Amino acid sequence: MKISNVYIGGWFQRTMLQLSEIYDFLRECKTELNLDPDKMAEFRKNLEIGRIDYGVSGEEFVTFTTALGIEVKIFEDGLITLNNKEVSEDTLFADIDEVQDYYENKLSPALNYLFSLGAPVPKELAGIENVYPYFIVCEKATPEDMRELLTRTEKQKYFEFQNDKYDVIRGDKYYFINNKTQSSEKIERYIEEQIFIREFKGQMHRYLNIHRIIWERIDEVKEHVKVKGSEIVKFTSKIEGYAKTINLIDGRIKQMSTYISTREKIAKSDEELAEFLAISGYRYETLRDTLNYIQYLWSMTQNYVNSAQKQFNNIKGDVTNKSVNSLTIVTSMSAGAAIIGLFQESAPQFTIFGVVYFFVLALVGWGSQKILGYISKKQSYDVTDVEYEKNIK
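Bear in mind the structure is a predicted one, so any value in this text is a computation, not a measurement.

Rules and cut-offs
Residues numbered from 1 in each chain as written. Predicted model: local features only at pLDDT ≥ 70, side-chain atom pairs only at ≥ 80, totals over all residues. Heavy atoms only, no water. Helix = DSSP H or I, 4+ residues; strand = E, 2+ residues; numbered from the N terminus. Buried < 20%, exposed > 50% of the residue type's maximum accessible area, 1.4 Å probe, protein only. Polar contact = N/O pair within 3.5 Å; in protein donor to acceptor, adjacent residues only side chain to side chain. Core = buried A, V, L, I, M, F, W, Y, C linked by side-chain atoms within 4.5 Å. Contact = heavy atoms within 4.5 Å.

Trainee: Looking at this structure, how should I read the side chain of Lys 73?
Mentor: By the secondary structure assignment, Lys 73 is in strand β4 (residues 70-75). Taking the relative accessible area as the measure of exposure, Lys 73 reaches 12% and is therefore buried. A polar atom in the side chain of Lys 73 sits 3.2 Å from the side chain of Glu 192.

Right, dumping it as structure tokens:
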């Protein structure tokens with residue numbers, strides 16, 4: 001048996017515009033954005049780039065080799081694959097670590113800096129650790145060889161497929177492909193599509209979990225039957241933060257339908273690729289149905305946070321009105337005291353008593369305002385909401 005390739009990859013929404021920017025950066029370390037040239041040069045140097053090519057295969061892509069023997073391919077829709085050709089059975093896990101280290105510590109930081117301007121990535125997504133699918137391509141492997149490889153990596157087998165062209169054994173994070181008669185290009189096309197499908201599905205699952213987390217956090221804020229005036233700003237800020245995150249993620253979810261339609265069209269136009277995809281257990285229709293569900297669920301989340309914002313803004317308005325009323329009372333008291341003072345013979349005179357009298361009036365006004373402000377902060381305000389029974393989504 002010979003292990004010929006190890007592939008990993010990922011997908012994050014991009015367009016041909018970003019691909020052109022990547023190509024300019026890789027080729028000449030050039031960008032039209034206001035980025036630090038020294039940092040750009042350092043990131044590019046760390047990539048250890050060899051040959052660079054620009055091509056089209058259904059979609060436009062940029063590919064380049066590295067001094068480590070790794071080949072990187074970046075498509076216009078954001079799909080990235082890394083192929084380590086210098087592998088062997090004895091050093092398999094070290095070879096996997098090498099290509100993953102290049103992805104995480106060299107390629108990803110460079111692209112993250114290149115696209116660091118513009119709409120931010122929500123912190124709920126920025127801190128997520130990726131679990132890559134590892135694709136191990138073998139040649140002249142027996143069924144026993146394939147099962148032994150699975151035993152070395154994972155105990156559970158998800159499915160196994162065999163025909164006269166290739167064998168596939170899939171675990172959770174590992175795919176083992178025994179290439180019999182297929183060209184390396186066709187094997188690579190299958191791997192590219194599998195990475196896209198897994199990443200697409202993984203993103204939707206993350207959005208589902210983020211919906212659950214944000215919904216519960218909004219519930220935690222709204223579950224207070226009464227809130228103190230001093231807590232209104234804190235709760236309002238929390239709700240506004242959730243709304244910002246929801247809007248950022250909503251934009252990314254809306255982009256996804258375009259990418260899956262393009263990928264589906266390209267995949268189904270390739271007969272041999274369609275045969276490969278048939279064994280994967282995924283269907284584009286299923287992914288699209290799931291995306292529709294996530295979009296509907298996210299729309300509910302937006303409506304929920306909007307209702308929470310409206311609720312706390314109304315309470316904040318009530319607090320402001322009461323503060324204005326309190327200030328009016330204090331002002332009226334001061335004005336009344338001043339009018340009374342006009343009728344006192346000594347009040348208008350510049351005497352020690354007059355000065356003391358003035359400061360006493362000011363102190364009374366200031367003290368009254370503070371007392372009323374304290375009462376306003378400690379006063380509880382009703383948070384009314386319709387109660388719903390919790391269901392598993």
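Trainee: Quick question: what am I supposed to make of unusual backbone geometry here?
Mentor: Peptide bonds are mostly trans, and most non-glycine residues show a negative phi. The phi angle at Glu 48 is positive, at roughly 50 degrees, despite the residue not being glycine. On the secondary structure map, Glu 48 appears in the loop between α2 (37-47) and β2 (49-57). On the accessibility criterion, Glu 48 (30% relative accessible area) is partly exposed. Phi angles above zero are rare outside glycine, and Lys 140 is one such case at about 55 degrees.

Trainee: Just to check I follow, could you spell out the nonpolar core for this structure?
Mentor: Soluble, globular proteins show a tendency: their nonpolar side chains are buried together. Ranked by internal contacts, the top residues of the largest apolar core, which has 48 residues, are Ile 191, Phe 200 and Ile 218. Of all the secondary structure elements, the ones that give two or more residues to this core are β1 (2-11), β6 (134-139), β8 (166-170), β9 (174-179), α6 (184-222), α7 (232-268) and α9 (284-342). Counting residues per element, this core draws most heavily on α6, at 15 residues. Excluding residues that lie within four positions of it along the chain, Phe 200 makes contacts with Trp 11, Met 256, Ile 260, Leu 287 and Leu 291.

Trainee: Could you clarify how one ought to interpret the environment of Val 137 in this entry?
Mentor: Positionally, Val 137 belongs in strand β6. Sequence-wise, Val 137 and Glu 188 are 51 residues apart; in three dimensions their C-alpha atoms are separated by 9.4 Å. Ignoring anything within four residues of it in the chain, the contact list for Val 137 reads Lys 2, Ile 3, Ser 4, Asn 5, Tyr 7, Ile 177, Ile 187 and Ile 191.

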